[in-house]
Every structure is written in C-alpha cells, then in structure tokens.
Amino acid sequence: MTPRTPSSGSDPKNTAEAAGHDRPAPAKKAAAKKATAKKAAAKKTTAKKTTAKKAVAKKTAAKATTAKAAATGAAARKTAKKAATAAKKSSATKAAPRPAAPEHLAPEPVAPAPAAAWRPEDPALVAVGAGDRERLLAGTHHDPHSVLGAHPVPGGVAFRVFRPYALGVTVVAGEQRAGLRDDGEGFFSGLLPLPDVPAYRLEVEYAGTVQHAEDAYGFLPTLGEFDLHLIGEGRHEQLWQALGAHPITHKGVTGTRFAVWAPNARGVRVAGGFNFWDGTGYPMRSLGATGVWELFVPGIGEGELYKFEITRPDGSRTLRADPLARRTEVPPATSSIVHASHHEWADAEWMAHRADTPAHEAPFSAYELHLPSWRPGLTYRQLAEQLPAYVKDLGFTHVELMPVAEHPFGGSWGYQVTGFYAPTARLGTPDDFKFLVDALHQAGIGVLMDWVPAHFPRDEWALAEFDGRPLYEHADPLRAAHPDWGTLEFDFGRREVRNFLVANALYWCEEFHIDGLRVDAVASMLYLDYSREPGQWTPNEHGGRENLDAVAFLQEMNATVYRRVPGVVTVAEESTAWDGVTRATHHRGPSGFGGLGFGLKWNMGWMHDSLQYMSHDPVHRRFHHGEMTFSMVYAYSENYVLPISHDEVVHGKRSLVSKMPGDWWQQRADLRAYLGFMWSHPGKQLLFMGQEFAQGAEWSETRGPDWWLLDPNYGAAADHRGVLDLVRDLNTVYRATPALWARDVHPDGFQWITGDAADDNVFAFLRYDTDGTPLLAVSHFAPVVRPDYRLGVPDDVPAWLEVLNTDAARYGGSGVVHPHPVKPEPQGRHGRPASIRLTLPPLATVWLRPA
C-alpha cells in the first residue's frame, strides 16, 4: 500500500455555504451604509477644496493621496495583517516571496486623468451582494464571473474585484484611472459612467508592492461547447487538451487556463505559488452539467505550482493535485506544475514505418527495465546517452519501461499512480522523457511502457474521493477497495472515468510517441470476485462474476488506440484463461463476449510451467516433462509474449540464474539452454534487466543491476559476459531468421520433432517461415553429452548448419559444437523419412538451419 503523504495545505476548517441569493441589505444596515457614504463624501469634498488651491499639475496626486489615506486606519491594519499571514502559507512546496509584477503586465504610461465621480447609489447598485459575498468567501460560488469583473448596469459599468489582502484597487482603462471603493474583506467596487465595458486592467496595491494585471473575471470561458459536449458524453479522446492547466493566449492576453472535473464540489478555487497558496481570490466557474470548473488566470505561465482547492458537499475543503497535470513536483512534494512542451521530435523515419508490419508478425524481443534503477542517479537525458546504445548492442527490438507515470512511493515501482498524465519528475521534465523516447527511436528501438488503469492509491491529495465523494473509484465500497494492494479500483462503468483512462492511453501514444502499452493487472479488472471471498462481491446482472464494465472499458480502449494510433501495440498482463484477450472486439467467442482487442498477451502459464521445470534437478526432470510441452496445447489460442519479467526475480523468488539447480557451471549452462529454448518457442520474448548477464542477486529498486559483475577486474566477469554475449547472439540470429517470428500466431509455423523424450530430457521442433523455410531447435536439459542422437528431419533439406549453440566456449560452455554441416541420412525417425545424428551438448540448446 502506498504510504500517505500529508496533503499540501488543506484547510481543516469546515465552512458552511450561505443560503439564498443576492438580496438588499436590511433597512438598518442600508441606513448605516448611507450615513457612511455621506461622511465619506463629505471628507472627499473637504479634501478637494483643500487641494483646489494647489497647482493643476498636482490635482491627481492629491486625490490619490486622499484615497490612500482613506484606506488606512483600522481596516488597513486588518488587511495588512491578513497579507502577512498569507505570506506565511505554503503548500507541499514552500512558495517563494511574491515577485514584482512582470514587465509585460505593467501598464503603458498614461497621462493622469481625474477619477470618475462616485454616484450616490453606488453601494446598493454596485457592491457585491450579501449572498454572493458569503459564497465567495466560503468558496462555494458556482459562477463568480457573473458577479465579479465589469458589468453594464443602469448609469454605467459596475466594476467588482475580489482581492483578499489588497490595500486598494484601481481600474485602468486607456487614459482613465478610477480607484474602487473598499467594501471590506477583500471586495472592491465602483461605477464608471461609461456606455460599454471598456478594455481595462487592474492596479492592485498590497503592502509594499503594486501589481498590474488583467482581470481574470473579465473573460468568457476558454472551453468551447464542443469540448463540453464530448466531456459530457465521455468521448473526448484528447481530454488532456481540454482539462488541466494550459498556458495560452486568450483574447490577446497571456495566462493559464485551469479546468478540472469535480461534479460533486460546491466550489473550486485555484491555489498556487502565484497567490501564496490561498485560493480565496481565485474561484472557478462551473460550466453547467458537465461538472467541469474553469478559470483563465492572466499573467501566469509555465513553471507555476498549483492545486485545486475544492469545497466538498459537507462544506469542508481539500487541496488536490490536478488529475490531468502534465508535470508534477519531485516526490514527496505533491503540487502540480503548469507545463507546455517545447520538444522537437527527430524520429520521423521511425514513426513513418512503425506500422509497416503488425507486432505479432514481426521480430519482437523486449528488454524490460525500471528507469530509476537501471543506472541509479541518471536523469532521462543521461539515460538517453547510455540506454539506446546498450539495448541496440544487445539486439533487442524494444524496451519495456516499468510505469513512468508519477507515483508518490518509489517502492511501488510506479504501479500505484497518482499522476496519470505526468512522467515521474524524479528523472526530469516531460520534455526530458520525450528526449529519451526520441533517442531510442533514432536507434531503431521501440518503446513500450507499463500502464496501470486498474487501480490508484488512497493518498488524500490525489484521486481518492476527489471532490468529497467517490468519483474515480466505484461508489460501492466493496467494489472500490482492492483487496490485495490497499488501493482503490476505478469505476469503469462511469463514462467520465472511462474517458479519463482511454484518453490517458492515447496521451502517452500521441504526445510521447510510445509504441505500445503493457496493461497491468488485467485479471484483477475482469473478475468481480478477484481475491474476494464469498459474500465480498456482488454478481453482475447476468449472475456471473465477470466485470462487464471493465470488459467494455478494455474493448473501448483497445479499439480507440488502434484506430487513432496505427503501429501501436497493446499487451495484456492477464493471468487467467479469459477467452479472447487478443481477439478483435467485434468477434464473439464461445463465452458470448467479444474479444478484448489486445494485440499481445503475456503467457503467464508458459512462464510458470517452464520455470517450474527448470527448478528441478535434471535427474527428476523426466517426471515433469509435460511442464515444458503443455504450452503448445494452447500456444495459438492468443498472440503471446513469453515474459521473464521483474515479477519473477523479486520477493524471494531469486534471480533467473539462481533458480537453476546444481553448481555455478550447471546454473549458467541451464540458464543459457533455457534462454535458447525461450527464443525459439512460439511467441515474443521479454527479459528483465540484469538477467541478460546472469545476475545472481534478486533485483532491488534501490541499487539496480549488479553491473560490477561485468568489470574485467572481477574474477568471474567472463562467466557473466558469456551469458551477455549469448543474449546478443540470440537476438541477432532471431531477427535474421523469419522462421522464429513470422508465423508466431499460426499453427502451421510449428512442428514437433519429439516432444515426448522425457527420459532424455530432450525437446526438438521445427519453426517455419512464411515461405516454408525451416529452423530446427533442439534443447537438451540433462548434464551429460549424448553422442549420435538421432532426430527425424524433413527429407527436402540437403544439409543442416548450426547457427547457434549455447554450449559454445565463448559463452562459458564446454564447447561441444558442430562446426560442419550435418547431412540427413535415409533412415526414418520420429515419423519422418530422414534423420540426422547430433552430439547433444550438456544442458544446451542448438539451432540449425538449412545449409
């Protein structure tokens, strides 16, 4: 379970929403306000008479001085105290002192002009009404733009500004300047005798500084009706372009558009470093029934920290990271960061050809790695200098990256995600991650990444009960709680949640040029009773245990990805015998379900059975022979990947070489023979980092692979380099031999020579290319040499040439090889008219092709 990190600055106080709408103040209050207005007018008149005796050039300065003096006293001291308090507030990251206003926000110098005269009816006509005032202060206003900003009213244009802690606010419209009335608690208002709403800016005075800015409440919504329609239907396939934080230019003004889905919220405000993490003055507006809240904030851009301050249905508040943040702080800090990409891709050639051949008909051998620990301490850009060269040298066609999406706890290896749209900041920025993907593509290497749509952690600053009620998770606690990992399962039946996840899959493929998504924990999504006891789950509408919502989601995700991003492959980590994982979604199977639509599926059965066989002492392997042959019973039921993944070399399972019995020589020989068997077996290959050079220790995310084993100064380095050389040669021969991959998913691409030689621990079979060219693979899992071992072969091949032998001396083997072509003899064997005689090396796999 992911440890919880305290939320950054959540307000623990509960604030009840004020009832009712704007209404006139009671008679006594109105009279008091009127009296106050008269006194203020009298003071202003006195001031004017005094200043009238001075030079004309000093008139404006005198009025400004008088206005400032009126703002002092008890009210000024109170607001100054609030400003000092606000400056001390911080989020998960300490906010820097408020900088001076940026140059591009400073108004053009204008000639002083007399401020517009206040009208007697200003307080009643212009000031924010009591109901709106209370809702704005409580953070429960759904439409602040209808109150704040500039609005035509009888007699002119009313200006209303809500800037807590400000000492004064002046409206600047061309050459006109007008100081607004301080209505208390951060509200300022005034009426200008103008026929229409002008183009204007605000000059806001705080203790010790003056800021010049556009009014955030003077803009129409930045999201269009079509965006909102698609969001409401759950069909916005580029959701990341609508929601989240986006630096934009809106009506000629630069700033950032914030948008978030929070349908249960009573109010949402933006808090960040730009407002000292006090969102009081930045309420967002609700855009109707979609549940989306939006605000364009002028003058802020890339690099700003932010969160959403949400008022829950019960009136309490919570400070939440943006679910669609494209960049985050480095954990354990939790703020979102305003981001815009500036990466210029250089992988056009790769992108133009990656869809030329479907993945299941192409060579596919993946090197799985955990980026933070492959070379601990390296950034994305530093990895780009080393990883492509290493993987290319070993001949792998792809890398598969364990989850790179942001996650709070490093020990989860990325499988408990809080930032689904942000690459982890531990290694750099999103553009830095793009740089790494770009470098891999330029080296001719495809990039897959693990994607985790099954569940998410309960951290209180992230998705859990995001707006005060179950939102991304299922409303039924039994359906929401994941029994194994202490996390929450997504509500796949809710269209907005499906949209969030489907768009996320597209986001990685379209924005980061990812070539494939390996979908984690599919089985936990498909079954309502997954890891649950009777009574802990409710059957579906048909009385079954299938999660129909999850089925529909996976079908939609796969269909959408394959439609929008040609050349991308989706891979399911599905550990059961679910029918049709890699079948097309529109083809129904015996179970009545359409296929899930994946391109490939991890063959967990092969992995489990074959490793079980290899763990037995060779003398006992004859009793377990079927563990190596059973995979061919169902080999063509799906499009398979043979995975030796990180899951098999952690938590006491031991590294791959350490699973093998016997002494060090036998362990390495078994490992080499097993890898040869794996690379020749129908299906694609996946090998986890460290296993390519026979690391003896389990993988640890804190230290990564034991690279020192390859140091020439280490006495046993040759043993490990031998395995590394074998992996390189396996990939080289594999990629050059279409028989090993072109017909992986077709039964006529495989034929047994002998699958029942249990007493000899021998497995021999043929693989065929699309034109019928064969490759003969023979695996011998006994620690003895078997001379003149006869194997039946086709009689139309005049001679066979050994192209790979895992017992070669250069790999650390005993050197029992076949340097010369082997010719068939007209002696039948294994049901074939011809046969060859081979000397089988101990614990080895041999590949032969037509000479």
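Residues numbered from 1 in each chain as written. Predicted model: local features only at pLDDT ≥ 70, side-chain atom pairs only at ≥ 80, totals over all residues. Heavy atoms only, no water.

Q: How should I be thinking about the overall build of the chain in this particular structure?
A: Looking only at helices and strands, the chain features 18 helices and 35 strands. For the chain, with 851 residues in total, the buried portion stands at 57%. Relative to all contacts within the chain whose residues are 6 or more apart in sequence, the contacts with residues 24 or more apart total 73%. (Helix = DSSP H or I, 4+ residues; strand = E, 2+ residues; numbered from the N terminus. Buried < 20%, exposed > 50% of the residue type's maximum accessible area, 1.4 Å probe, protein only. Contact = heavy atoms within 4.5 Å.)

Q: Just to check I follow, could you spell out the sheet that holds strand E4 (residues 176–179) for this structure?
A: Pairing between the strands of a sheet is mediated by backbone hydrogen bonds and can be parallel or antiparallel. Across the sheet, four strands lie side by side as E4-E3-E7-E8; this open sheet has antiparallel pairing. The outermost strands of the open sheet, each flanked by one partner alone, are E4 and strand E8 (209–213). Neighbour-to-neighbour, the strand axes of the sheet open up by a mean angle of 20°, direction not taken into account. Bridge analysis of strand E3 (residues 168–173) against E4 gives four bridges, and the strand direction is antiparallel. Residue pairing for E4: Ala173 is matched across the bridge by Gln176. (Pairing = 2+ DSSP bridges. Axes fitted to C-alpha atoms, helices over the stretch in contact; angles between N-to-C directions.)

Q: Got a minute to help me understand the packing of helix H9 (residues 380–394) against helix H18 (residues 717–736) in this structure?
A: Direction vectors running N to C along H9 and H18 enclose 70°, while the axes themselves pass 7 Å from each other. Between H9 and H18, the interaxial angle falls into the category roughly perpendicular. Of the residues in H18, those touching H9 at Tyr390, Asp393 and Leu394 are Leu724, Val727, Arg728 and Asn731. The residue inventory of the contact of H9 with H18, partitioned by class, reads four nonpolar, one polar and two charged. (Parallel < 35°, antiparallel > 145°, perpendicular 65-115°, else oblique. Nonpolar A, V, L, I, M, F, W, Y, C, P; charged D, E, K, R; others polar.)

Q: Which parts of the structure should I look at to understand the sheet that holds strand E9 (residues 244–250)?
A: If you walk across this open sheet you meet the four strands as E9-E10-E13-E12, and the pairing is antiparallel. Only two strands of the sheet have a single neighbouring strand rather than two, namely E9 and strand E12 (285–286). Relative to strand E13 (residues 292–298), strand E10 (residues 253–261) runs antiparallel, the two sharing seven bridges. Along E13, the bridge assignment pairs Val260 with Trp293.

Q: What is the right way to look at the side chain of Lys434 in this model?
A: Along the polypeptide, Lys434 turns up in helix H10 (residues 430–442). Despite its burial, Lys434 pairs with no opposite charge, the nearest such side chain being Glu511 at 4.1 Å. For Lys434, the residues in contact, after removing those within four places along its chain, are Ser341, His343, Trp345, Glu511 and Phe512. (Lys, Arg positive; Asp, Glu negative; His and termini not counted. Salt bridge = Lys/Arg side-chain N within 4 Å of Asp/Glu carboxyl O.)

Q: So what exactly am I meant to see when it comes to helix H15 (residues 604–615) here?
A: An α-helical turn contains 3.6 residues, so any two residues separated by three or four positions project in the same direction. The terminal C-alpha atoms of H15 lie 17 Å apart, and with twelve residues this matches the ideal 16 Å at 1.5 Å per residue to within 8%. Along H15, the residues classified as buried are Met604, Trp606, Met607, Asp609, Ser610, Leu611, Tyr613 and Met614. Structurally, H15 contributes buried residues whose contacts are with strand E26 (600–602), helix H16 (626–629), strand E27 (640–644), helix H17 (664–680) and strand E30 (762–768). (Expected span 1.5 Å × (residues − 1).)

Q: Help me out: how do you make sense of the nonpolar core in this one?
A: Soluble globular proteins tend to pack their nonpolar side chains together in the buried interior. Of all hydrophobic cores here, the largest spans 183 residues; its most connected members are Phe258, Leu371, Phe433 and Trp508. Among the elements that make up this core, the one with the highest residue count is helix H12 (residues 495–511) (ten residues). In this structure, Leu371 is in contact with Tyr380, Leu383, Leu387, Leu401, Val404, Leu427, Phe433 and Leu436, ignoring residues within four places of it in sequence. (Core = buried A, V, L, I, M, F, W, Y, C linked by side-chain atoms within 4.5 Å.)

Q: Quick question: what am I supposed to make of the side chain of Arg133 here?
A: With respect to the helices, strands and loops of the structure, Arg133 is situated in helix H5 (residues 130–138). Polar side-chain contacts of Arg133 include one of 2.8 Å to the backbone oxygen of Gly184. Apart from the residues lying within four places of it in its own chain, the contact partners of Arg133 are Val128, Asp183, Gly184, Glu185 and Phe187. (Polar contact = N/O pair within 3.5 Å; in protein donor to acceptor, adjacent residues only side chain to side chain.)

Q: What exactly am I supposed to notice about the packing of aromatic side chains here?
A: Aromatic ring pairs are defined here through the distance separating the ring centres and the angle between the ring planes. Under the criterion given, the structure shown has 51 aromatic pairs. Ring centres of Phe274 and Tyr282 lie 5.5 Å apart, and the angle between their planes is 75°; on these two criteria the pair is classed as edge-to-face. Each member of the pair, Phe274 as well as Tyr282, carries the same accessibility label: buried. One Lys or Arg, Arg375, reaches over the ring of Trp374 and ends 5.2 Å from the middle of that ring. The ring of Trp602 has Arg518 sitting right over it, with the charged end atom 4.1 Å from the ring centre. (Phe/Tyr/Trp six-rings, centres within 6.5 Å; stacked < 30°, edge-to-face > 60°. Lys NZ or Arg CZ within 6 Å of the ring centre and 35° of its normal.)

Q: Got a minute to help me understand the packing of H15 against H17 in this structure?
A: For any two helices packed against each other, the geometry is given by the interaxial angle and the distance between the axes. At a minimum axis separation of 12 Å, H15 and H17 run at an interaxial angle of 150°. Taken together, the axis directions place H15 and H17 in an arrangement best described as roughly antiparallel. Handedness of the H15/H17 crossing: right-handed. Touching Trp606, Ser610, Leu611 and Met614 of H15 are Asp670, Tyr674, Phe677 and Met678, all from H17. Partitioned by chemical class, the residues of the contact of H15 with H17 number six nonpolar, one polar and one charged. (Left-handed = near helix turned anticlockwise from the far one by under 90°.)

Q: Sorry if this is basic, but what is going on with helix H6 (residues 225–233) here?
A: Those residues of H6 that sit buried are Leu228, Leu230 and Ile231. In an axial view of H6, the angular spread of the buried residues amounts to 160°, which keeps them on one side of the axis. Looking at H6, the residues exposed on the side facing more than 90 degrees away from the buried face are Glu225 and Phe226. Looking at the residues trailing H6, positive phi occurs at Gly234, about 75°. (Arc of directions from axis to C-beta.)

Q: Teacher, can you tell me more about the pattern of salt bridges here?
A: Two side chains bearing opposite charge may form a pair once their charged atoms approach each other closely. Here the structure, examined in full by the defined rule, presents 37 salt bridges. The shortest N-O distance in the salt bridge between Arg767 and Asp744 comes to 2.8 Å. In this pair, Arg767 sits in strand E30 while Asp744 sits in the loop between H18 and strand E29 (750–757), placing the two residues 23 residues apart along the sequence. Summarising the burial analysis for this pair, Arg767 and Asp744 share the class buried. One connected set of salt bridges, linked through shared partners, spans Glu400, Asp450, Arg518, Asp520 and Glu573.

Q: Is there a simple way to explain the pairing of strand E24 (residues 516–519) in this structure?
A: Working note: regular strand, side chains alternate between the two faces of the sheet. By the alternation rule, side chains of E24 split into Gly516 and Arg518 and Leu517 and Val519, which are all buried. Taken together, the four bridges between E24 and strand E25 (residues 569–572) define a ladder with parallel strand orientation. Within E25, the position partnered with Leu517 by the bridge is Thr570.

Q: Sorry, what's going on with unusual backbone geometry here?
A: Among all residues save glycine, negative phi is the norm, and among peptide bonds the norm is trans. Here the amide bond leading from Pro331 into Pro332 is cis, since omega sits at 10°, within 30 degrees of zero. Mapped onto the secondary structure, Pro332 falls in the loop between strand E15 (317–320) and strand E16 (336–337). Its identity is not glycine, yet Lys251 carries a phi of approximately 55°, on the positive side. The residue Lys251 is located in the loop between E9 and E10 in this model. Classification of Lys251 as exposed rests on a relative accessible area of 64%. Phi at Ala694 is positive, roughly 60°, even though this residue is not glycine. Among the structural elements, Ala694 can be located in the loop between strand E28 (684–688) and H18.

Q: Where do I start with the confidence of the model for the chain in this structure?
A: Low-confidence regions, as indicated by low pLDDT, have predicted coordinates that should not be scrutinised in detail. With 85% of its residues at a pLDDT of at least 70, the chain reaches an overall mean of 88. Low pLDDT (under 50) marks residues 1–121, which in the prediction has 138 contacts with non-local residues, meaning those over four places away or in another chain. (pLDDT = per-residue confidence, 0-100.)

Q: Sorry, what's going on with the environment of Trp602 here?
A: As for its position among the elements, Trp602 is in strand E26. For Trp602, a relative accessible area of 1% translates into the label buried. Residues Trp602 and Ser575, 27 residues apart in the sequence, show an inter-C-alpha distance of 7.8 Å. If we ignore the near neighbours within four places in the chain, the residues touching Trp602 are Glu368, Glu400, Arg518, Val571, Ala572, Glu573, Glu574, Tyr640, Val641, Pro643, Ser645 and Leu686.

Q: Can you walk me through the environment of Gln666 in this structure?
A: Following the sequence through the fold, Gln666 ends up in helix H17. Of the residues examined, Gln666 reaches a relative accessible area of 25% and is grouped as partly exposed. When the C-alpha positions of Gln666 and Pro783 are compared, they lie 7.5 Å apart, and in sequence the two are 117 residues distant. Once residues within four sequence positions are removed from consideration, Gln666 is found in contact with Pro661, Pro783 and Leu843.

Q: Honestly, the environment of Ala521 in this entry has me stumped. Any pointers?
A: Within the secondary structure, Ala521 is located in the loop between E24 and helix H13 (522–526). Sequence-wise, Ala521 and Ala572 are 51 residues apart; in three dimensions their C-alpha atoms are separated by 8.1 Å. Once residues within four sequence positions are removed from consideration, Ala521 is found in contact with Ala454, Trp485 and Glu573.

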